[in-house]
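# Coordinate inspection notes
So you can see what is in the structure, the chains are spelled out below.
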Amino acid sequence: MVRILVLHGPNLNLLGKRETERYGLTSLQEIDKQLMSLAKAQGVALETRQSNSEGTLVDHIQDAAGKFDAIVINPAAYTHTSIAIRDAILSVDIPTVEVHLSNIQGREDFRRSSFIADIAVGQITGFGSQSYLLGLLGAIGHVQGGENPCSLRTKAEG
Ligand code: DQA
């Protein structure tokens, strides 16, 4: 069975209360519930974790080696700052999908750059809580080698 780890970065524990006009009213607990239902429907195993701490996120990524087939991560503010999270993803060599609720390309300049984007399988940004569900489907498709845009591109290039 395909195993997927979802990681939520700092301040995402406040979803539903934090800047709701930007990030929506859906709580992290509800997002995790939706992810669990989708995982069940897709026949994959899912675990989710949230941390406000960069080091703890690095620990979770390191611990994922050999236990998970893909990671879906919203690194939140660490997206724009964290070489440590980038290096951890590179170290474990687990396909990783980057997700964001807001469209980071349409926001402040400092949010347009990501330390994760170029090492990720893909980035999903701007679809609110649905970004996670789309990210999960992308990760499953990537692991199963199905006809998602990533595998099509690989086939076309390869
Ligand atoms: C975010 C975008 C980040 O720039 C921000 O720091 C967040 C949330 C998003 O999901 O839109 O905390 O990752």
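See the structure printed just above.
The following refers to the structure shown. Everything quoted here is computed from the prediction, not taken from an experiment.

### Remarks on the site of the ligand
With respect to spatial proximity, the complete set of residues near the ligand consists of R18, Y23, N74, A76, A77, H80, H100, L101, S102, I104, R107 and R111. A distance of 2.9 Å separates an oxygen atom of the ligand from a polar side-chain atom of N74. Between the ligand and H80, the relevant distance is 2.7 Å, taken from an oxygen atom to a side-chain nitrogen or oxygen of the residue. If the ligand stood free it would expose 330 Å²; the protein chains cover 99% of that surface. Class assignment of the residues belonging to the shell around the ligand gives a composition of five nonpolar, four polar and three charged.

### Here's the deal with the environment of F115
Looking at the element boundaries, F115 is found in the loop between helix 5 (109-112) and strand 5 (122-125). Along the sequence, F115 and R18 sit 97 residues apart, while their C-alpha atoms lie 24 Å from each other. For F115, the residues in contact, after removing those within four places along its chain, are T79, H80, T81, S82, I83 and R86.

### Focus on helix 6 (residues 130-144)
For helix 6, which comprises 15 residues, the first-to-last C-alpha distance of 21 Å matches the rise-based estimate of 21 Å (1.5 Å per residue) to within 8%. Taken residue by residue, helix 6 has S131, Y132, G135, L136, A139, I140 and G141 as its buried positions. Just downstream of helix 6, G145 is the residue with a positive phi angle, here 70°.

### What about the sheet that holds strand 5?
The five strands are arranged 2-1-3-4-5 in an open sheet whose pairing can be described as parallel. Edge strands, defined here as strands with exactly one partner in the open sheet, are strand 2 (45-50) and strand 5. Adjacent strand axes in the sheet meet at a mean angle of 20° when their direction is disregarded. Pairing of strand 3 (residues 70-74) with strand 4 (residues 96-100) involves three bridges; the strand directions are parallel. Of the residues in strand 4, the one forming a bridge with V72 is V97.

### Details of unusual backbone geometry
With a phi close to 75°, N11 is a non-glycine residue in the positive phi region. The topology assignment puts N11 in the loop between strand 1 (3-8) and helix 1 (20-23). With a phi angle near 35°, E19 is a residue other than glycine that sits in the positive phi range. Within the secondary structure, E19 is located in the loop between strand 1 and helix 1.

### Some details on the pattern of salt bridges
What the rule picks out here adds up to nine salt bridges. Linking D69 and R3 is a salt bridge whose minimum nitrogen-to-oxygen distance equals 3.1 Å. Residue D69 is found in the loop between helix 3 (54-63) and strand 3, and its partner R3 is found in strand 1; the two are separated by 66 residues along the sequence. Judged by relative accessible area, which is 24%, D69 ranks as partly exposed.

Rules used in this analysis
Residues numbered from 1 in each chain as written. Predicted model: local features only at pLDDT ≥ 70, side-chain atom pairs only at ≥ 80, totals over all residues. Heavy atoms only, no water. Near = heavy atom within 4 Å. Polar contact = N/O pair within 3.5 Å; in protein donor to acceptor, adjacent residues only side chain to side chain. Areas by Shrake-Rupley, 256 points an atom, 1.4 Å probe, with all protein chains shown as cover. Nonpolar A, V, L, I, M, F, W, Y, C, P; charged D, E, K, R; others polar. Helix = DSSP H or I, 4+ residues; strand = E, 2+ residues; numbered from the N terminus. Contact = heavy atoms within 4.5 Å. Expected span 1.5 Å × (residues − 1). Buried < 20%, exposed > 50% of the residue type's maximum accessible area, 1.4 Å probe, protein only. Pairing = 2+ DSSP bridges. Axes fitted to C-alpha atoms, helices over the stretch in contact; angles between N-to-C directions. Salt bridge = Lys/Arg side-chain N within 4 Å of Asp/Glu carboxyl O.

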